[in-house]
Amino acid sequence: MTLRKTGRLWRGDNFADLAEYIRFFRAGGYSVSVVAESRCGECDGLAFRVDIDEEDATRRACLTCGGVAFIGDSADHWAGTGHESCSCPCGGEEFAVAVGYAFFDEGEVRWISVGLRCLMDGALGVYADTKIDYSPSRHLLAQA
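Structural notes, computed from the coordinates. Remember, predicted model here, so these are calculated numbers, not experimental data. (Residues numbered from 1 in each chain as written. Predicted model: local features only at pLDDT ≥ 70, side-chain atom pairs only at ≥ 80, totals over all residues. Heavy atoms only, no water.)

1. A look at the overall build of the chain
Which entries qualify depends on this criterion: Strands here are runs of E lasting at least two residues and helices are runs of H or I lasting at least four, both read from the DSSP assignment and numbered beginning at the N terminus. As a reference, a globule follows 2.2 Å times the number of residues to the power 0.38, and the radius of gyration itself is taken over C-alpha atoms. Throughout this description, buried means an accessible area under 20% of the type-specific maximum (1.4 Å probe, protein chains only), exposed means over 50%, and partly exposed covers the range between. All accessibility values rest on the Shrake-Rupley procedure with a 1.4 Å probe; residue burial counts only the protein chains present in the view. Neither His nor the chain ends is counted toward charge; the positive residues are Lys and Arg and the negative residues Asp and Glu. To locate a charge, take NZ of a lysine, CZ of an arginine, CG of an aspartate or CD of a glutamate.
Per the secondary structure count, the chain includes two helices and ten strands. Moving toward the C terminus, one meets the helices and strands of the chain in the order β-β-α-β-β-β-β-α-β-β-β-β. Relative to the compact-globule value of 15 Å for 144 residues, the chain shows a C-alpha radius of gyration of 14 Å, a close match. Taking the principal axes of the C-alpha coordinates as reference, the chain spans close to 40 × 30 × 30 Å. Counting all 144 residues of the chain, 44% fall into the buried class. Accessible area for the chain stands at about 7300 Å²; split by element, carbon and sulfur atoms hold 47% of it. Averaging the locations of the 14 positively and 22 negatively charged side chains of the chain gives two centres separated by 7 Å.

Shown next as structure tokens:
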């Protein structure tokens, strides 16, 4: 692991570092049991631009092929206006993306956290943190 803190930011070099950071963040204050790496469904790419709206609905656009996908149930909540492109404190807007899932005891998804690792400087952050208040919700695991 190469997870490290420089100044006020945590930094990492790969998916394992981002996953560790998301687990440390603790989605909604709950333990994160699963962290899934986002991969483009079109080309299997791992680099994205990410947009988030006021409700933490999140979509990603693949930098390789341009394929767009929503994370979790964001398509159901996307307003189409009022969203912002994510950017790192360094100004970078290209990220590796991972999604952390916290579960209820019966195995349904309780909380989702969207973590980003800047591809310019390795800065890590959780940019969206969303409570899931319906069941069944395990289908969200396939929507990283």
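There is more to say after this.
2. Some thoughts on the layout of surface pockets
Over the atoms, a rolled probe matching the size of one water molecule traces out where space is still vacant. What counts is decided by this rule: A cavity here means a set of 1 Å grid points, computed over protein atoms only, where a 1.4 Å probe fits but cannot escape. A pocket is an open set with protein on both sides within 12 Å along at least 5 of 7 lines, and lining residues have an atom within 4 Å of a point. Grid points are joined across faces, edges and corners, and a volume is the space filled by probe spheres set on the points.
Taken as a whole, the largest pocket holds about 180 Å³ of empty space. Taken together, 17 residues line the largest pocket, and the ones lying closest to its centre are Asp73, Ser74, His77, Thr130 and Ile132. Among the elements that make up the lining of the largest pocket, the one with the highest residue count is strand β10 (residues 124–131) (three residues).

3. Section: the packing of aromatic side chains
This is how it is decided: Only rings of Phe, Tyr and Trp enter the pairing, Trp through its six-membered ring, and a pair is recorded when the two centres are within 6.5 Å. The plane angle decides the type: under 30 degrees is stacked, over 60 is edge-to-face, the rest tilted. The rule for a charge over a ring is simple: NZ of Lys or CZ of Arg within 6 Å of the ring centre, and within 35 degrees of the ring normal.
The final tally for this structure, using the stated rule, is four aromatic pairs. Both rings, one in Trp10 and one in Phe24, keep their centres 6.0 Å apart while their planes meet at 55°; by these two values the pair is tilted. Of this pair, Trp10 sits in strand β2 (residues 9–11) while Phe24 sits in helix α1 (residues 15–25), and the two are 14 residues apart along the sequence. Geometry around Tyr30 places Arg110 over its ring, the cationic atom sitting 4.0 Å from the centre.

4. A few points about the pattern of salt bridges
The test is simple: Every case where a carboxyl oxygen of Asp or Glu lies within 4 Å of a side-chain nitrogen of Lys or Arg is listed as a salt bridge.
The full count for this structure, using the stated rule, is seven salt bridges. Arg49 is the salt-bridge partner of Glu93, the closest N and O atoms lying 3.2 Å from each other. Of this pair, Glu93 sits in the loop between β7 (84–85) and β8 (95–103) while Arg49 sits in strand β4 (residues 48–52), and the two are 44 residues apart along the sequence. Take Glu93: its relative accessible area is 35%, and that puts it in the partly exposed class. Note that Asp51 and Arg59 form a salt bridge whose closest N and O atoms lie 3.2 Å from each other. Asp51 gets classed as buried once you look at its relative accessible area, which sits at 15%. In the salt-bridge network here, residues are joined through shared partners; they are Glu37, Arg39 and Asp44.

5. A closer look at the environment of Leu18
Just so we agree on the cut-off: Whether two residues are in contact is decided by their heavy atoms, any of which lying within 4.5 Å being enough.
Relative to the helices and strands, Leu18 resides in helix α1. A relative accessible area of 1% places Leu18 in the buried class. When neighbours within four sequence positions are excluded, Leu18 is seen to be in contact with Ala96, Val97, Ala98, Gly115, Leu116, Arg117 and Leu124.

6. Here's the deal with the environment of Gly67
Residue position: Gly67 is located in the loop between β5 (58–62) and β6 (68–71). The exposure class assigned to Gly67 is buried, which follows from its relative accessible area of 13%. Along the sequence, Gly67 and Glu106 sit 39 residues apart, while their C-alpha atoms lie 34 Å from each other. Apart from the residues lying within four places of it in its own chain, the contact partners of Gly67 are Glu42, Arg60, Ala61 and Cys62.

7. Side note on the nonpolar core
Under the convention used in this document: Here, nonpolar core refers to any group of buried Ala, Val, Leu, Ile, Met, Phe, Trp, Tyr and Cys residues whose side-chain atoms link them within 4.5 Å.
With 25 residues, the main nonpolar core has Val50, Phe95, Val97, Tyr101, Val109, Ile112 and Leu116 as its most contacted residues. Secondary structure elements with two or more residues in this core: β4, β8 and β9 (109–118).

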